[in-house]
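What follows is each chain in one-letter form.
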Amino acid sequence: MLVYFGRAVFVLYPVYLSGYLGFSVTGVLLCMVMVTWWKKNRQGKDTRIGTAIEFVDNESQVVHTELRSALQMASWVQFSEVEKVDWVNKVLGQAWPFFGMYMEKFLKENIQPTVRLSSPALKTFAFTKIHFGHIPPKIKGMKAYTHEVDQREVVLDLDISYLGDVDIDAVVKEPITAGIKGLKLTGMLRIILEPLIGVAPLVGGVTFFFIRRPTLDINWTGATNLLDSPAFSSLSEDAIMDIIASLMVLPNRMCVPLIDQVKVDQMRFPLPRGVVRVHLLEGRDLVAKDTYMMGLVKGKSDPYATLRVGNRHVKSKTIKENLYPKWNEVYEFVVHEAPGQELELELYDEDTDKDDFMGRFNLDFGEVKREKEMDTWFELEGVPHGEVRLKLQWFSLSTNPNLLAEVNQIGHAKNTSSDGLACAMLAVYLDSASNVPKNQDEINKQNKHKEGQLEKYDKRFTKRTTAPNSYVELSVASDVQKSKVVYSSKDPVWEEGFTFFVHSVKKQQLNVQIKEHEKKTLLGTLNLPLSRLLNVSNMALDQRFLLERSGANSQIKLKVTLRVLSVEKPPPKVIPQTPPLKEASQTNQGDQLAKPPPPVATSTPTLHASNANPAAHSSGTHSLSGSNGRYAATHRGSRTPSPRPASTSPKERRTQRRKRKRRKVWNSVSRAIRNHQGSFGEIHLTIRYTTLRNKLIIVVDSCRNLFPCSENGTDSYVRLYLLPDQSWRHRKKTHVKKRTVNPVFNEKFEFDVLLREVQTRRLDVSVKNNKMFYSRERKDIGMVQIDFADVDILKGVTQWYGHKEAMLHTLHQP
């Protein structure tokens, strides 16, 4: 507040002075306009010159970035891994007419009967024209996985874009017609070639599916032109997308076996790769979406998160009026493909009318599988700022029942049975059923033994259909999943897979119910205790089961597999051994200050904080005097208190209490620093010299893994000196990044210095914790010095600095 008023007085005093001296107001305003125009023009000129110099210094990187945007490649395309496959597009163009012939036969022989059986109103449905046009799909890029997958398989990801001139007409019911004239389909198609074998054709089968739901845009014709209106088009296209998803979007797959030894069920529904447990912890620095006074006053937001993996979608709770929300919620997702399958997270601000978008990010589960466990802040995309903290754990699927016993014991000891976390996963492959009764009346008929009742039921059955329209409902506890509907069949074939999370193997069971489609009546049921799977080989059952409350010979064929969630330890990191630093001493005004102890070696250079004694900082020098001298002695371990005057005033006693409070806070942090084992953090700097402007440019990019000075993290900033200049006029500092141990600054500083002078100077970099409102102390987290004699500043350098690149310094208390 005082600074604000001081600036206001400084700005307004010349205006008052000009009026007091009798100058014209017009002249004052004209001078202000001229000064403002000059500053703005100068700033624009500096920006243009800086941009030109930036382009000269980083020409290859700028050209690379511009080429990527100009080529309009997909977001997942990386030039080092993705290849352009023009030869595949040529093959597709040559084979496209024959594909149209195959699709015409497929639609008339498979899709047309299915549509007719789906509803009585579509009994006369028929395709009258099928033409897939002359424009084939285009593959914009292909990525091959060979090292991240099993050795007996090859995985290909194809970015497909299809803008076709399709022309399909159909008769729904005379005289109603329907048709499609043109469609657009884009998505990522994965092709798996497995297993690789030693005889022709070298591949046992081909599996293909979309990892995520593709986007679809259809141009309707005929009576379906009504579907082009906004009220119906999304409904229709969503319905078609549901059909596509049920066929070839994870976990559903299209399979083509090439040899007889390959089982279709294993190709169509293989066991998942693993399970990922996602802890949605908190967010920070989110965008404020709620505004007041017609947007003049920025408020806060009511954020909630949505998480999607494949066809599973969950929503978190809403935190009211908070830009630093803490959810602390846990979700579990089955991962069928890693790498490839992604976690899609989006943040929204909850409103009464329409929720406002607050950012998104996608994370490939292949990275989680590689790291096993992650606890990271993820930056949100699509918004100016905002981050979300997630903790992710990878669980492999094990067949060892002893691991399940250990999980149960740990869960019982920690009372985790009620926390909703799973200990196992159940995979169910629903194959088919046989002799399914038409309805409940037929079941009752088979249970009756009186002849009079038999005649009664026989007369009723003659008016009914001969086969049921049935689907299956599977459930484990409160998790209920449904299969597709098979029409007019007493021996329905579903061939679908389902997964369930199991919280107690000994108490829970799998409930299977076959139901009639229209009336939802029960046609048969099966209850399978999960504890039965613990005593069988490979914890899997693949057989036919007799149905209860059904026909006498009604059976259902299932493959039920139980797997225990096993925690894998992260891969060990190689820690290079480095010789310890030699201890040295430093004399400052008669006090002997010890150098910091040798740092712990890590796999990457780290910026260490020291446990040495803090010293006062004045005019660029370190000194110890007065209470700071007593504090330094206390920090070194001396328990002898300093002499205290016999009588003190109340003001002096309050001052001493504040000093003791600050000393206590600093002692606790210093004690934590002394007891800390390992890295104190790293700082990422970019250093270069521009000969055109004779300036040394330092870019402070970010820090990582800083020492937390409080429970909420660290309020850190970076201070720079170009030694030997250490006065406040030569000091450069960044803005403060609050409550984080991984701050991102992205700030640039310039020093006006000649090239021959730079090579004789050193850069002093200090990472500090910002002072608190009740204390004037700033705690140093760590300091480094960079000697420019060892740096090629004309070429420039960008790297993480720590104990290998820079010299550690004693912490001080400014």
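The rules behind the values
Residues numbered from 1 in each chain as written. Predicted model: local features only at pLDDT ≥ 70, side-chain atom pairs only at ≥ 80, totals over all residues. Heavy atoms only, no water. Helix = DSSP H or I, 4+ residues; strand = E, 2+ residues; numbered from the N terminus. Buried < 20%, exposed > 50% of the residue type's maximum accessible area, 1.4 Å probe, protein only. Contact = heavy atoms within 4.5 Å. Pairing = 2+ DSSP bridges. Axes fitted to C-alpha atoms, helices over the stretch in contact; angles between N-to-C directions. Expected span 1.5 Å × (residues − 1). Bend = angle between axes of the 7 residues up to and from the residue. Phe/Tyr/Trp six-rings, centres within 6.5 Å; stacked < 30°, edge-to-face > 60°. Lys NZ or Arg CZ within 6 Å of the ring centre and 35° of its normal. Core = buried A, V, L, I, M, F, W, Y, C linked by side-chain atoms within 4.5 Å. 1 Å grid on protein atoms, 1.4 Å probe; cavity = no way out; pocket = protein on both sides within 12 Å on 5 of 7 lines; lining within 4 Å. Points joined across faces, edges and corners; volume = space filled by probe spheres on them. Nonpolar A, V, L, I, M, F, W, Y, C, P; charged D, E, K, R; others polar. Patch = residues over 30% accessible without salt bridge, like charges linked within 9 Å, V, L, I, M, F, W, Y side chains within 5 Å. Areas by Shrake-Rupley, 256 points an atom, 1.4 Å probe, with all protein chains shown as cover. Salt bridge = Lys/Arg side-chain N within 4 Å of Asp/Glu carboxyl O. Polar contact = N/O pair within 3.5 Å; in protein donor to acceptor, adjacent residues only side chain to side chain. pLDDT = per-residue confidence, 0-100.

**Student:** Would you mind showing me how to read the overall build of the protein here?
**Tutor:** Counting its secondary structure elements, the protein contains 13 helices and 39 strands. Here the protein holds 814 residues, and 42% of them are scored as buried. By sequence separation, contacts in the protein at least 24 residues apart represent 64% of the contacts at least 6 residues apart.

**Student:** Looking at this structure, how should I read the sheet that holds strand E12 (residues 303-309)?
**Tutor:** Through backbone hydrogen bonds, the strands of a sheet pair up, either in parallel or in antiparallel fashion. Strand order in the open sheet formed by four strands is E13-E12-E15-E16, with antiparallel pairing between adjacent strands. Only two strands of the sheet have a single neighbouring strand rather than two, namely strand E13 (312-315) and strand E16 (356-364). Neighbour to neighbour, the strand axes of the sheet diverge by 15 degrees on average, direction disregarded.

**Student:** It is not clear to me how helix H1 (residues 2-21) should be interpreted in this structure. Could you clarify?
**Tutor:** Residues spaced three or four apart along an α-helix point in a common direction, a consequence of the helix completing one turn every 3.6 residues. Its 20 residues place the ends of H1 28 Å apart at the C-alpha level, agreeing with the 28 Å of an ideal helix rising 1.5 Å per residue. Leu 12 marks where H1 bends most, by close to 30 degrees; the proline Pro 14 follows one to four residues later. Among the 20 residues of H1, one are classified as buried, and the element is accordingly described as predominantly exposed. Directly beyond the C-terminal end of H1, a positive phi value near 90 degrees is found at Gly 22.

**Student:** So what exactly am I meant to see when it comes to the packing of aromatic side chains here?
**Tutor:** Think of a pair of aromatic rings as described by two things: how far the centres are apart, and how the planes are tilted against each other in angle. Under the criterion given, the structure shown has ten aromatic pairs. Judged by centre distance (6.2 Å) and plane angle (20 degrees), the rings of Tyr 102 and Phe 106 are stacked. In this pair, Tyr 102 and Phe 106 are both assigned in helix H4 (residues 86-118), four residues apart and thus about one turn of the helix distant. Ring geometry for Tyr 348 versus Phe 357: centroids 5.9 Å apart, planes at 70 degrees, classification edge-to-face. The structure contains a cluster of three or more aromatic residues connected by ring pairs, namely Trp 96, Phe 99, Phe 132 and Tyr 162. Just above the ring of Tyr 304 sits the side chain of Lys 315; from NZ or CZ to the centre is 4.4 Å.

**Student:** Hey, could you run me through the nonpolar core in this one?
**Tutor:** A general trend in soluble globular proteins is that nonpolar side chains are found buried together. By size, the foremost hydrophobic cluster in this structure holds 34 residues, and its most contacted members are Leu 426, Leu 510, Ile 514, Ile 556 and Leu 558. If you list the elements that add at least two residues to this core, you get strand E19 (424-434), strand E20 (470-476), strand E22 (493-502), strand E23 (509-516), strand E24 (522-529), strand E25 (540-546) and strand E26 (555-567). With residues up to four places along the chain from it excluded, the contact list for Leu 558 reads Val 428, Tyr 429, Leu 430, Val 512, Leu 526, Leu 541, Asp 542, Gln 543 and Phe 545. Ranked by size, the runner-up nonpolar core spans 33 residues in total, among them Trp 327, Leu 343, Val 388 and Leu 390.

**Student:** Explanation requested: the layout of surface pockets in the structure shown.
**Tutor:** It is a probe the size of a water molecule, rolled over the atoms, that shows where empty space is left. In this structure, the second largest pocket occupies an estimated 1600 Å³ of space. Taken together, 41 residues make up the lining of the second largest pocket; nearest its centre are Arg 284, Thr 376, Trp 377, Thr 740 and Asn 742. Secondary-structure elements contributing two or more residues to the lining of the second largest pocket are strand E9 (274-284), helix H7 (365-371), strand E17 (373-379), strand E18 (387-398) and strand E32 (695-704). In terms of residues, the lining of the second largest pocket owes the most to one element, E17, which gives seven residues. In terms of residue class, the lining of the second largest pocket is made up of 14 nonpolar, ten polar and 17 charged.

**Student:** Explain the sheet that holds strand E21 (residues 479-482) to me, please; I cannot follow it from the model alone.
**Tutor:** Taking strand neighbours across the sheet as the criterion, the four strands line up as E21-E20-E23-E24 in an open arrangement whose pairing is antiparallel. Unpaired on one side and paired on the other, E21 and E24 mark the two borders of the sheet. In this sheet, adjacent strand axes meet at a mean angle of 15 degrees when their direction is disregarded. Summarising the sheet, E23 and E24 pair through seven bridges and their orientation is antiparallel. Opposite Lys 515, over in E24, you have Leu 522 as the bridge partner.

**Student:** Would you explain unusual backbone geometry in this entry?
**Tutor:** Both trends apply: most residues other than glycine have a negative phi, and most peptide bonds are in trans. Here Glu 194 and Pro 195 are connected by a cis peptide whose omega angle stands at -10 degrees. Relative to the assigned elements, Pro 195 resides in the loop between strand E5 (176-193) and strand E6 (205-210). Leu 723 connects to Pro 724 through a cis peptide bond whose omega is 10 degrees. With a phi close to 55 degrees, Glu 495 is a non-glycine residue in the positive phi region. Within the secondary structure, Glu 495 is located in strand E22. Unlike most non-glycine residues, Asn 538 shows phi in positive territory, near 60 degrees. As for its position among the elements, Asn 538 is in the loop between E24 and E25. With a relative accessible area of 44%, Asn 538 lands in the partly exposed category.

**Student:** Can you help me understand the pairing of E24 in this one?
**Tutor:** Working note: regular strand, side chains alternate between the two faces of the sheet. Burial analysis of E24 places six of its eight residues in the buried class, the great majority of the element. If you look at the hairpin formed by E23 and E24, you'll find five residues sitting between the two strands, and Lys 520 has a positive phi there, around 60 degrees.

**Student:** How do you make sense of a nonpolar patch on the surface when you look at a structure like this?
**Tutor:** There is a patch of nonpolar side chains on the surface, built from Val 9, Tyr 13, Tyr 16, Leu 17, Tyr 20, Leu 21 and Phe 23 and spanning about 830 Å² of accessible area. Locating Leu 21 in the fold gives a position in helix H1.

**Student:** Whenever I open this one, the environment of Gln 785 confuses me. Can you help?
**Tutor:** Residue position: Gln 785 is located in strand E37 (residues 779-787). Considering only alpha carbons, one finds Gln 785 and Leu 720, 65 residues apart in sequence, at a separation of 9.8 Å. In terms of polar contacts, Gln 785 uses its side chain to reach the side chain of Arg 762, at 2.8 Å.

**Student:** Whenever I open this one, helix H2 (residues 25-57) confuses me. Can you help?
**Tutor:** With 33 residues, H2 extends 48 Å between its outermost C-alpha atoms, agreeing within 8% with the 48 Å of an ideal straight helix rising 1.5 Å per residue. Restricting attention to buried positions, one finds in H2 the residues Val 28, Gly 50 and Ile 53.

**Student:** Before we go on, may I ask you to explain the pattern of salt bridges in this structure?
**Tutor:** Once their charged atoms are close, side chains differing in charge can pair, the charge on each being opposite to the other. Tallied over the full model, the rule gives 24 salt bridges. The residue Lys 181 makes a salt bridge to Asp 167 at a minimum N-O spacing of 3.6 Å. Here Lys 181 is found in strand E5, whereas its partner Asp 167 is found in strand E4 (residues 154-173), with 14 residues between them in sequence. For Lys 181, a relative accessible area of 47% corresponds to the partly exposed category.

**Student:** How do you make sense of the pairing of E19 when you look at a structure like this?
**Tutor:** Among the eleven residues of E19, eleven are classified as buried, and the element is accordingly described as predominantly covered. In the sheet, E19 pairs with E26 via ten bridges, with the strands oriented antiparallel. From the neighbouring strand, Met 425 faces E26, where its bridge partner is Arg 563.

**Student:** For this particular structure, what's the right way to read the confidence of the model for the protein?
**Tutor:** Detailed reading of the predicted coordinates is not advisable wherever pLDDT is low. Residue-level pLDDT values for the protein average 75, and 72% of them are 70 or greater. Within the model, pLDDT remains below 50 along residues 228-235, and this stretch shows seven contacts once partners closer than five positions in the same chain are excluded.

**Student:** Mind showing me how you'd approach the side chain of Thr 525 here?
**Tutor:** Of note, Thr 525 is situated in strand E24. In this structure Thr 525 comes out as buried when scored by relative accessible area, which is 7%. A polar atom in the side chain of Thr 525 sits 3.2 Å from the backbone oxygen of Val 512. Residues in contact with Thr 525, not counting those within four places in the same chain, are Val 512, Gln 513, Leu 547, Glu 548 and Arg 549.

**Student:** So what exactly am I meant to see when it comes to the environment of Asp 701 here?
**Tutor:** Assignment of secondary structure puts Asp 701 in strand E32. Looking at Asp 701, the relative accessible area reads 14%, which means it is buried. Not counting residues up to four positions away in its chain, the partners in contact with Asp 701 are His 684, Leu 685, Thr 686, Val 744, Phe 745, Asn 746 and Thr 798. Here His 684 takes part through its side chain, which lies 2.7 Å from a polar atom of the side chain of Asp 701.

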